[in-house]
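What follows is each chain in one-letter form.
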Amino acid sequence: MDQHAPPQRMGRLAAAAVFATTLEWFDFLIYATAAALVFGHLFFPSVSPVAGTLASFATFAVGFVARPLGGIIAGHIGDRLGRKPPLVGAMLIMGLATFAIGVLPGYDVIGSWAPTLLVVARLVQGIGVGAQWGGAALLLTEHAPIERRGFYGSLVQTGAIFGAVSGNVFFLVLTAVLTEDQFLAWGWRVPFLSGLVLVVIGAYIQLRIEDTPVFRELRERSSASRQEAGLRKAPLVEAVRRYWREILQAAGAFFVVNATFYILISGMLDYATKTVGMSRTAILWCVMAAGLTQVVTMPLFGALTDRMGSRKRLYLTGTVLMALFAFPMFWLVDTGSVPLVFLALLIGFTIHATMYGPQATLYAEMFPADVRYSGASLGYQFASVFAGGLAPFVMTALLAATGASWSVAVYIIACAALTFVAVATIKERFRRDLYETSAALATGT
């Protein structure tokens, strides 16, 4: 069954999904930059610089702890009420939480309430981003023509890159035009105040974007009293009971992808400025420019899987390449040379794109329609807790303990090994019929 949207409508859907995802990740990821550059000083001033950085990265990780909760809530709603409602709700709560961080007083004003409220706001951000990804990914993959599913699924992933680069640009401009005192006093708050824009975008999607044909078909089946082939009363329970292996595989597949992403966009900022001795401006430029290439490479690799006849094969290739490049990447960064640091980040981001580009489509094809939002979201968000959320913290702790970058390279290799095993065991369903339900699979119909 193939009721995909026509090209013109797919273009509008893609633009809306990418823009919404960009703003969502902009709000979530500016926290990573602020954690590396500002939060240790403003919210944890009574501890040493290293301890302050660790504390700020710990609050950064708190957002990832909340992401599975967002995925669980959104998965249930998305499989019961539609792909669109949790996507809109995620944008609303993310925008409000980000704005709250932007107006939050520092430790010198309200004392211990400052880090406490910062953690609360970060938890809400985590719920928001945990709920958002599945909705945006399925909005495109379930609308897309089957022969271009890998390409359209990869567009959702570019939102994280646009968001990260936009955040770096914002901070780059602020650090260029403001003095150090101005930046610490109020300049860092400006990007967070933009969170209210998400409220407007959420309203637009709610009013103008139609839910996916896959969900509409599920709803029609249920309305026709064929509950076993339509909507599930407890999709989360069904997903965990029948597809726990696929959920674990999806989580493992995301491990090195998520860990290296946050090492590249956040951990490297702290490492390059404090250990290597690069200027804040130089490393921000390197991260921004290298990361921006992914808006080209991810759709390229997503489209490549449509032609290769496999998402899994390219994913495994990227996993091996990331492990092989872990040590050379730090050797290049340790030179402190801007061209060599840029080269290291460019290669790292390109390898990362070979996995992150086809990931949304791979996940969509792993689960049947009636539990797809729950299954894909659980795998994606649970991995984010232990991979991305802890990566900058683990990197800082390893560097503090060993005093050398080799320890972080070993950490990347370990993550890559876990991911390789997870992806290798996935039973790939290339160009799966996305209308297929778990009931149909069970009965063989």
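The residue count restarts for each chain, going from 1 along the sequence in the order it is written. Selection of residues for local features in this predicted model requires a pLDDT of at least 70, selection of side-chain atom pairs for listing and counting requires 80 or more, and totals for whole chains, interfaces and linings are taken over all residues. Each side-chain value is worked out from all heavy atoms of the structure, with water and hydrogens disregarded.

Operational definition: UniProt positions are given in the numbering used here, feature names are shortened, and annotations may be inferred rather than shown by experiment.
In the annotation of an unreviewed UniProt entry, the entry for the protein reads MFS transporter, and the organism field reads Pseudonocardia adelaidensis. Quoted straight from UniProt, the Subcellular location (unreviewed entry) entry for the protein says "Cell membrane".

### Things to note about the overall build of the protein
Short version of the rule: Helix and strand definitions follow DSSP, with helices as H or I runs of at least four residues and strands as E runs of at least two, each counted in order from the N terminus. Working definition: with a 1.4 Å probe on protein chains only, accessible area under 20% of the residue-type maximum means buried, over 50% means exposed, and in between means partly exposed. It only takes one pair of heavy atoms within 4.5 Å for two residues to be counted as in contact. We score Asp and Glu as negative and Lys and Arg as positive, and we do not count His or the chain ends. In plain terms, the charge of a residue is placed at NZ if it is Lys, CZ if Arg, CG if Asp and CD if Glu.
Within the protein, the regular secondary structure consists of 19 helices and 0 strands. Across its three principal axes, the protein shows a C-alpha extent of roughly 65 × 45 × 40 Å. In the protein, which comprises 445 residues, the proportion classed as buried is 60%. For the protein, restricting intrachain contacts to residue pairs at least 6 apart in sequence, the fraction spanning at least 24 positions comes to 86%. Computed over 31 positive and 24 negative side-chain charges, the separation of the two mean positions in the protein equals 5 Å.

### Examining helix H6 (residues 149-177)
Every α-helix winds through 3.6 residues per turn, so residues three or four apart in the chain are directed the same way. The criterion, for reference: An expected span of 1.5 Å times one less than the residue number is assigned to each helix. A residue's bend is simply the angle between two axes: one fitted to the seven residues ending at it, one to the seven starting at it.
In this model, H6 (29 residues) spans 43 Å end to end at C-alpha, consistent with the 42 Å of a helix rising 1.5 Å per residue. Of all the bends found along H6, the most pronounced is centred on Val-156 and spans about 25°. Most of H6 sits out of view: 21 of its 29 residues are buried.

### With respect to the nonpolar core
Defined as follows: By nonpolar core is meant a set of buried Ala, Val, Leu, Ile, Met, Phe, Trp, Tyr and Cys residues that side-chain atoms within 4.5 Å join together.
Grouped together as the largest cluster of nonpolar side chains are 128 residues, with contacts concentrated most on Phe-39, Trp-188 and Leu-345. The element that contributes the greatest number of residues to this core is helix H1 (residues 7-43), accounting for 22 residues. Within the second largest apolar cluster, 7 residues are counted, among which are Val-214, Leu-218, Leu-231 and Tyr-435.

### Notes on the environment of Thr-350
Among the structural elements, Thr-350 can be located in helix H15 (residues 338-364). Along the sequence, Thr-350 and Gly-318 sit 32 residues apart, while their C-alpha atoms lie 9.1 Å from each other.

### Digging into the side chain of Thr-305
Structurally, the position occupied by Thr-305 is in helix H13 (residues 294-308). In this structure Thr-305 comes out as buried when scored by relative accessible area, which is 0%. Aside from chain neighbours lying at most four places away, what touches Thr-305 is Gly-150, Ser-310, Arg-311, Leu-314, Pro-358 and Phe-430.

### Observations regarding the packing of helix H5 (residues 113-141) against H15
For clarity, the threshold we go by: Only the contacting stretch of a helix is used when fitting its axis, a line to C-alpha atoms as for every element, and angles between N-to-C directions run 0 to 180 degrees. Angle categories are assigned with fixed cut-offs, so that under 35 degrees is roughly parallel, over 145 is roughly antiparallel, 65 to 115 is roughly perpendicular, and the rest are oblique. For this scheme, ten residues count as nonpolar: Ala, Val, Leu, Ile, Met, Phe, Trp, Tyr, Cys and Pro. Four count as charged, namely Asp, Glu, Lys and Arg, and the remainder, Gly too, count as polar.
Two elements in contact, H5 and H15, have axes whose closest approach is 10 Å; the angle formed by their N-to-C orientations is 80°. Considered as vectors, H5 and H15 are oriented roughly perpendicular to each other. Taken together, the residues of H15 that come into contact with H5 (itself represented by Trp-133, Ala-137, Leu-138 and Thr-141) are Ala-360, Thr-361, Tyr-363 and Ala-364. A breakdown of the residues in the contact of H5 with H15 according to their chemical character gives 6 nonpolar, 2 polar and no charged.

### Thoughts on unusual backbone geometry
Despite not being glycine, Arg-431 has its phi angle at roughly 55°, a positive value. Along the chain, the position of Arg-431 falls in the loop between helix H18 (406-424) and helix H19 (438-443).

### Some words on the pattern of salt bridges
Spelled out, the test is: Any carboxyl oxygen of Asp or Glu that lies within 4 Å of a side-chain nitrogen of Lys or Arg is treated as forming a salt bridge with it.
Scanning all chains against the criterion turns up 10 salt bridges. A salt bridge links Asp-270 to Lys-274; the shortest N-O distance between them is 3.0 Å. Here Asp-270 and its partner Lys-274 are both found in helix H11 (residues 235-276), 4 residues apart, which amounts to about one turn of the helix. Given a relative accessible area of 9%, Asp-270 falls into the buried group. Ionic pairing is found between Glu-436 and Arg-432, a salt bridge with its closest N-O pair at 3.2 Å. Each of Asp-79, Arg-83, Glu-142 and Arg-372 takes part in one network of salt bridges that share partners.

### Concerning the environment of Trp-331
Here Trp-331 lies in helix H14 (residues 312-333). Overall, Trp-331 belongs to the exposed group, its relative accessible area being 54%. The spatial distance from the C-alpha of Trp-331 to the C-alpha of Ile-205 is 45 Å, given a sequence separation of 126 residues.

### Structural notes on H18
Compared with an ideal rise of 1.5 Å per residue, which puts 19 residues at 27 Å, H18 spans 27 Å between its outermost C-alpha atoms and is within 8% of the ideal. Within H18, the full set of buried residues consists of Ser-407, Val-408, Ala-409, Tyr-411, Ile-412, Cys-415, Ala-416, Thr-419, Ala-422 and Val-423. For H18, the secondary structure elements touched by its buried residues are H11, H14, helix H16 (372-386) and helix H17 (391-402).

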